[in-house]
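Survey of secondary and tertiary structure
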Amino acid sequence: MSTEGTTNVPEEGPTALERFINGVLPENPIYRQLLGMCPTLAVTNAMKPAVTMAAATAFVLICSNIMVSLLRRLLKPHLRILVFTLTIATFVTIADRFLAAYVYEMSKQLGPYVPLIIVNCLIISRAEICASKQGLGVAISDGVGMSLGFGLGLATIATVREVLGSGTWFGLHVMPASWPNWGIMALPPGAFITLGLLLAVAEWATEKRASTALWRTVRMLWSWRH
Amino acid sequence: MTQPTPGKGGYIGQAWLVILLALLYGGGLAGVENALSGKIKANKRAETYSVIPDLVPGSDPDKTDEIMVRGENAKEGLVYRTRRTDGSHVGWVLPAAGQGFADRIELLIGLDSGVTTVRGMYVLNQRETPGLGDYITRADFQDLFRDKPADRPLAVVKTDPAADNEIRALSGATISSESVAAIVNRALANFREPLRALAVERSPGNARPDEAVE
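What comes next concerns the included structure. Along every chain, residues carry numbers that run from 1 in the direction the sequence is written. Starting at A for chains and at 1 for ligands, labels are handed out in the order in which the entities are written. Where local features are concerned, this predicted model is filtered to residues with pLDDT of at least 70; where side-chain atom pairs are given and counted, the filter is 80 or more; whole-chain, interface and lining totals use all residues. Where side-chain values are given, they derive from all heavy atoms of the structure, hydrogens and water being excluded.

**Side note on the packing of helix H4 (residues 80–102) of chain A against helix H6 (residues 121–131) of chain A**
Residue and element names in this part refer to chain A. Each axis is a line fitted through C-alpha atoms, taken for helices only over the stretch in contact, and angles between the N-to-C directions span 0 to 180 degrees. Secondary structure elements are defined from DSSP: runs of H or I of at least 4 residues count as helices, runs of E of at least 2 residues count as strands, and each element is numbered from the N terminus. At their nearest, the axes of H4 and H6 sit 10 Å apart, and the two run at 130° to each other. Judged by the angle between their axes, H4 and H6 are oblique. Of the two elements, H4 crosses H6, and the hand of that crossing is right-handed. Note on element contacts: H6 touches H4 through Ile123, Ile124, Ala127 and Glu128, opposite Arg80, Ile81, Phe84, Thr85 and Ile88. Along the lines of polarity and charge, the residues of the contact of H4 with H6 split into six nonpolar, one polar and two charged. In what follows, roughly perpendicular refers to angles from 65 to 115 degrees, roughly parallel to angles under 35, roughly antiparallel to angles over 145, and oblique to any angle outside these ranges. Crossing handedness follows the turn of the near helix against the far one: under a right angle anticlockwise gives a left-handed crossing, and clockwise gives a right-handed one. Contacts between residues were defined by any pair of non-hydrogen atoms, one from each residue, lying within 4.5 Å. Three residue categories are used. Nonpolar comprises Ala, Val, Leu, Ile, Met, Phe, Trp, Tyr, Cys and Pro, charged comprises Asp, Glu, Lys and Arg, and polar comprises the others, including Gly.

**What about the side chain of Glu106 of chain B?**
Residue and element names in this part refer to chain B. Positionally, Glu106 belongs in strand S4 (residues 104–112). Judged by its relative accessible area of 16%, Glu106 falls in the buried class. Look past the residues within four positions of Glu106 in its chain and what remains in contact with it is Lys44, Ala96, Ala97, Tyr122, Val123, Leu124 and Asn125. Each residue is placed in one exposure class: buried if its accessible area under a 1.4 Å probe, protein chains only, is under 20% of its type's maximum, exposed if it is over 50%, and partly exposed if it falls in between.

**What to know about a nonpolar patch on the surface**
Only residues whose relative accessible area exceeds 30% and that take part in no salt bridge are eligible for patches, with like-charged residues grouped when within 9 Å of each other and nonpolar side chains (Val, Leu, Ile, Met, Phe, Trp, Tyr) grouped when within 5 Å. For the area figures, the Shrake-Rupley method with a 1.4 Å probe applies, and any residue is considered shielded solely by the protein chains shown. Should a side-chain nitrogen of Lys or Arg be within 4 Å of a carboxyl oxygen of Asp or Glu, the pair is scored as a salt bridge. The grouping of Leu74 of chain A together with Ile12, Trp16, Ile19, Leu20, Leu23 and Leu24 of chain B at the surface amounts to a nonpolar patch, some 700 Å² of accessible area in total. Within the secondary structure, Leu20 of chain B sits in helix H1 (residues 10–55).

**A look at the pairing of strand S5 (residues 117–125) of chain B**
DSSP bridges decide pairing: two strands pair if at least two such bridges lie between them. Here six bridges tie S4 of chain B to S5 of chain B, and the two strands are oriented antiparallel to one another. Residue pairing across strands places Leu107 of chain B opposite Val123 of chain B, the latter belonging to S5 of chain B.

**Points about the layout of surface pockets**
Residue and element names in this part refer to chain A. By volume, the second largest pocket amounts to about 230 Å³. Using only the protein atoms, space was sampled on a 1 Å grid; points where a 1.4 Å probe fits but cannot get out form cavities, open sets with protein on both sides within 12 Å along at least five of seven lines form pockets, and lining residues are those with an atom within 4 Å of a point. Along the walls of the second largest pocket sit Leu25, Pro26, Asn28, Tyr31, Arg32, Leu152, Thr156, Ala202, Ala205, Thr206 and Arg209, which together make up its complete lining. Considering each element in turn, the lining of the second largest pocket owes the most residues, four residues, to helix H9 (residues 188–225). Taken together, the residues of the lining of the second largest pocket break down into six nonpolar, three polar and two charged. Grid points are joined across faces, edges and corners, and a volume is the space filled by probe spheres set on the points.

**Things to note about the pattern of salt bridges**
Residue and element names in this part refer to chain B. For the coordinates displayed, the defined rule picks out 16 salt bridges over all chains. For Arg152, the salt bridge identified is with Asp164, shortest N-O distance 3.0 Å. On the criterion of sequence distance, the pair formed by Arg152 in the loop between strand S6 (148–149) and strand S7 (155–157) and Asp164 in the loop between S7 and strand S8 (166–168) is long-range, its members being 12 residues apart. Residue classification places Arg152 among the partly exposed residues on the basis of a relative accessible area of 35%. For Asp164, a relative accessible area of 43% gives the class partly exposed. Salt bridges sharing partners connect three or more residues here, namely Asp54, Asp143 and Arg146.

**Comments concerning the nonpolar core**
By size, the foremost hydrophobic cluster in this structure holds 34 residues, and its most contacted members are Ile30, Val60, Ile117 and Leu154 of chain A. Counting only elements with at least two residues in this core, the list comes to helix H3 (47–71), H4, helix H5 (104–110), H6, helix H7 (136–166) and H9 of chain A. When neighbours within four sequence positions are excluded, Ile117 of chain A is seen to be in contact with Met53, Ala56, Thr57, Val60, Val92 and Ile123 of chain A. Here, nonpolar core refers to any group of buried Ala, Val, Leu, Ile, Met, Phe, Trp, Tyr and Cys residues whose side-chain atoms link them within 4.5 Å. Of all hydrophobic cores here, the second largest spans 31 residues; its members include Trp92, Ile136, Val184 and Leu195 of chain B.

Geometric descriptors of this kind do not, in isolation, establish any biological role.
See below:
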């Protein structure tokens, strides 16, 4: 257990599998938690920048979860946010330099949005909610699940915007030549419109699933009674 | 008013983990920078060569020389000496950098051989505010510097330019616009005379046997 003055680590919480599954859909960072809205709106005009951003965020999230989980017994409550920020900033800088070295054009295209991963609430929230309280395996599972969920969110929005706005997907033409590109979808208003519509779809699907489950429960209770 | 107390173990006892992590992360980042900086520089160099024909019209990138020039501030800086396909000197590309609104801005300044006119300007690297300051990368802003005088400081104005050394600021990004103009002005003040002296050295009669001169 923890020493005096350090964070009390109960080591309780969801299992690694639950953390992984929750991150992908039930607690999807974009559609359920509305986190990381800055990159969600800014870099989803095409698939390539969206996937690059998702990969960079995944690297930072998984690495910071690993470090915070390893350090969790040494964290002091009043200094933990400082340690989280220091850790996240380090991995963001590594990701930024790596992109500038090996994906130079994409690094230029993403511009300040890679350094801005530092202020992505998703990463610090996972450090606080999961990594600082649970073991390494759970923290990695959580990081991978949340990264997949974040990537899924970015990819769905980018797919809608690139296909409708440019008639392409990953730069390949997928719409007929007669398709009049909806230029607005590649512009900032297109990001808000697409996010709003897809959020509505996600909410509708969740409510439908919940109402279906409720209806099944009622029928099951009814059948037991009779 | 009471002073906050450091708590049990003193300040070092409280913050030892933060200090240790800062040292470890700092060392790690230094290693990453050391490993990747060569590759990043090579990327920027390749981009520079790709825009040389636009910065100094008539230049052949394959005929460009990289020379170290001592500026007025006694520091040496890399300058690209651009030539036509026939080898004649056509101008210079001067890399320059300085503080912008958000972060460091890196520019390439295209100049004629006598350093009297700015032939072009290109933003090589910037981290200005998305949607406002980052419009300095747009061609329409960069084109504002084309054919401006290189012997007088450029001035940023918020109205239509009245003089040939004036640049209209980007709407909503005056500080970024002024930063770019200030970087250009500083670079020209530092390298104008040394480059002119070099151009005279390479003028007809002083040319190397293997090169033609404008």
